[in-house]
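# Reading the structure
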Protein chains: 2
Amino acid sequence: MTTLIQSPTKTVELSAVDGLAQLSFLIHDVLSARASRYGLSMSQTRLLGALRDRAPSVNELAVLLELDKSSVSGLISRAEERGLVERVPSPDDGRAVVVRLTKRGRSQVRKVAADFEADAVSLLSLLSYKDASALASLISRLLAAHAEAHGVDLFA
Amino acid sequence: MTTLIQSPTKTVELSAVDGLAQLSFLIHDVLSARASRYGLSMSQTRLLGALRDRAPSVNELAVLLELDKSSVSGLISRAEERGLVERVPSPDDGRAVVVRLTKRGRSQVRKVAADFEADAVSLLSLLSYKDASALASLISRLLAAHAEAHGVDLFA
DNA sequence: TATTGTTATACTCTATAACTATA
DNA sequence: TATAGTTATAGAGTATAACAATA
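The following refers to the structure shown. Being a predicted model, the structure only gives us computed values, none of them experimental. (Residues numbered from 1 in each chain as written. Chains lettered and ligands numbered in written order. Predicted model: local features only at pLDDT ≥ 70, side-chain atom pairs only at ≥ 80, totals over all residues. Heavy atoms only, no water.)

## What to know about the protein's contact with DNA strand C
In the neighbourhood of DNA strand C, 22 residues make up the surrounding shell, with A:Ser41, A:Ser70, A:Ser71, B:Arg87 and B:Arg95 lying closest. Per the 4 Å cut-off to the protein, sugar and phosphate atoms form 66% of the nearby atoms of DNA strand C. Between A:Ser43 and DNA strand C, the recorded distance is 3.3 Å, taken from a side-chain N or O atom to a phosphate oxygen. Measuring from a base nitrogen of DNA strand C, one finds a side-chain N or O atom of B:Lys69 at 2.8 Å. Elements represented by at least two residues in the surface near DNA strand C include exactly helix H2 (42-50) and helix H4 (69-81) of chain A together with helix H3 (58-65) and helix H4 (69-81) of chain B. Per-element tally for the surface near DNA strand C: the top contributor is H4(A), with four residues. Looking at side-chain class alone, the surface near DNA strand C contains five nonpolar, 10 polar and seven charged residues. (Near = heavy atom within 4 Å. Polar contact = N/O pair within 3.5 Å; in protein donor to acceptor, adjacent residues only side chain to side chain. Helix = DSSP H or I, 4+ residues; strand = E, 2+ residues; numbered from the N terminus. Nonpolar A, V, L, I, M, F, W, Y, C, P; charged D, E, K, R; others polar.)

In structure tokens, the structure reads:
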């Protein structure tokens, strides 16, 4: 599948596959540039994001982030040194710890999320409102169909 | 901007911003899973991809990949050890080298690209042909508008 | 002097394996 | 024994700074 598109100087054919890949890299770059303004790597940002609505154990975090528990342990330690998260002994299990955002961590993740929201809105505003709405709707349906096809509930 | 979407069990609101981010991560994961079947990291894959139609100098590669030249030098060295690329003295400049794919590197990058193409097609086929075409077209226009807004010529 | 590329060094991120403490 | 988490270790990836060779 290819699509004819207009640039100011020429009309080119961009395959749907290339488009998907380029869009993915573009979003990734925007997000990681925003995070780095707060001195955060993508990994640190994902960690903080995963803690926004939860106070999970290290194991639960490892599942959420799809990383080995040792990798997560390191991420937590570096975030802890920077005062962004804290480890609390689990009340239920003497072996486990609960990881949660500090006040500072919560503030950081809120700022990054707000900035990224603004970036994404400004990106989408390159299209007309009608086109942006259509794009958002199609993406949502694609994600829903993919989650469905893989037995994953994106919206748990 | 939010969009109502249907999952088999519920209707949820997914913001356009969340949709963009999730789509980006999904594509990234698909691509990196494909690359890793050939023992390639994303960085190595990007390097090989950048060499598909070019035999650039280290400096030119650094600009293309938006990395420091020392980072690129390391990427090249590791790819060279694995027989995927080679360094050739530049005919024009005694200080420079030209980096190019070996036969093996070319074969690898072709396979990864073909696999990813298949992945992307199968992802898009979760939508109707009409919707997939519309999505591809909107993404293309968004990318073109972004390139235009940033004075970058995506299609050089 | 300026530029091209490599190397030395340091840090983040990731995984595997070995370890401890608890269940 | 099994599980939760940490630590030791190794390697990729990245950047900065110092360097050698060439322009």
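## Side note on the nonpolar core
Counting 42 residues, the largest nonpolar core has A:Leu135 and B:Leu135 as its most contacted members. Listed by contribution, the elements that provide at least two residues to this core are helix H1 (16-37), helix H5 (103-124) and helix H6 (129-149) of chain A together with helix H1 (16-37), helix H5 (103-124) and helix H6 (129-149) of chain B. Residues in contact with B:Leu135, not counting those within four places in the same chain, are A:Leu135, A:Leu138, A:Ile139, A:Leu142, B:Leu124 and B:Leu127. (Core = buried A, V, L, I, M, F, W, Y, C linked by side-chain atoms within 4.5 Å. Buried < 20%, exposed > 50% of the residue type's maximum accessible area, 1.4 Å probe, protein only. Contact = heavy atoms within 4.5 Å.)

## Focus on the protein's contact with DNA strand D
Looking at DNA strand D, there are 22 residues lining it, with A:Lys69, A:Arg87, A:Arg95, B:Ser41 and B:Ser71 nearest. Among all atoms of DNA strand D positioned within 4 Å of the protein, those belonging to sugar or phosphate total 69%. In the model, a phosphate oxygen of DNA strand D is placed 2.8 Å from a nitrogen or oxygen of the A:Asn59 main chain. At 2.8 Å from a phosphate oxygen of DNA strand D is found a side-chain nitrogen or oxygen belonging to B:Arg78. Of the residues forming the surface near DNA strand D, the biggest block, four residues, is contributed by H4(B).

## What to know about the pattern of salt bridges
Residue and element names in this part refer to chain A. One pass over the full model with this rule turns up 12 salt bridges over all chains. Measuring nitrogen to oxygen at the nearest pair gives 2.5 Å for the salt bridge that ties Asp119 to Arg34. Remark: Arg34 occurs in helix H1 and Asp119 occurs in helix H5; sequence separation between them is 85 residues. There is no split in this pair, since Asp119 and Arg34 are both buried. (Salt bridge = Lys/Arg side-chain N within 4 Å of Asp/Glu carboxyl O.)

## A short note on the side chain of B:Ser90
All names here are of chain B. When you line up the elements, Ser90 lands in the loop between strand E3 (85-89) and strand E4 (97-101). A relative accessible area of 15% means that Ser90 is categorised as buried. Beyond its immediate chain neighbours, meaning those up to four positions away, Ser90 contacts Ala96, Val97 and Val98.

## Quick look at the packing of H1(A) against H6(B)
Here H1(A) crosses H6(B) at 50 degrees, and the two axes come no closer than 9 Å. Taken together, the axes of H1(A) and H6(B) lie oblique to each other. Considering the relative orientation of H1(A) and H6(B), their crossing is left-handed. Between H1(A), through A:Ala16, A:Gly19, A:Leu20, A:Gln22, A:Leu23 and A:Leu26, and H6(B), the contact on the second element is made entirely by B:Ala136, B:Ile139, B:Leu142, B:Leu143 and B:His146. Class assignment for the residues of the contact of H1(A) with H6(B) results in eight nonpolar, three polar and no charged. (Axes fitted to C-alpha atoms, helices over the stretch in contact; angles between N-to-C directions. Parallel < 35°, antiparallel > 145°, perpendicular 65-115°, else oblique. Left-handed = near helix turned anticlockwise from the far one by under 90°.)

## What about empty space enclosed by the protein?
Using the criterion set out here, one finds two cavities of 30 Å³ or more in the structure. Approximately 40 Å³ is the volume attributed to the largest cavity. Around the largest cavity sit A:Ser15, A:Ala16, A:Gly19, A:Leu20, B:Leu124, B:Ala136, B:Ile139 and B:Ser140, which together line it. Elements that contribute at least two residues to the lining of the largest cavity include exactly H1 of chain A together with H6 of chain B. Of the residues that constitute the lining of the largest cavity, the class distribution is five nonpolar, three polar and no charged. What the second largest cavity holds in volume is close to 30 Å³. In terms of lining residues, the second largest cavity is bounded by A:Leu124, A:Leu135, A:Ala136, A:Ile139, B:Ala16, B:Gly19 and B:Leu20. (1 Å grid on protein atoms, 1.4 Å probe; cavity = no way out; pocket = protein on both sides within 12 Å on 5 of 7 lines; lining within 4 Å. Points joined across faces, edges and corners; volume = space filled by probe spheres on them.)

## As for helix H3 (residues 58-65) of chain A
Residue and element names in this part refer to chain A. Every buried residue belonging to H3 is among Val58, Leu61, Ala62 and Leu65, and all of these are buried. On an axial view of H3, the arc spanned by its buried residues comes to 105 degrees, and they lie on one face. What points out from H3, more than 90 degrees from its buried face, is the exposed set Asn59 and Val63. Where H3 is buried, its residues meet H2, H4 and strand E4 (97-101). Positive phi appears at Glu66, one or two residues downstream of H3, with a value of about 55 degrees. (Arc of directions from axis to C-beta.)

## Some remarks on the packing of H6(A) against H6(B)
Remark: H6(A) packs on H6(B), axes separated minimally by 10 Å, with the N-to-C direction vectors making an angle of 125 degrees. One finds that H6(A) runs oblique with respect to H6(B). Seen along the crossing, H6(A) lies across H6(B) with a hand that is left-handed. On H6(B), the residues touching A:Asp131, A:Ala134, A:Leu135, A:Leu138, A:Ile139, A:Arg141 and A:Leu142 of H6(A) are B:Asp131, B:Ala134, B:Leu135, B:Leu138, B:Ile139, B:Arg141 and B:Leu142. Residue classes in the contact of H6(A) with H6(B) are distributed as 10 nonpolar, no polar and four charged.

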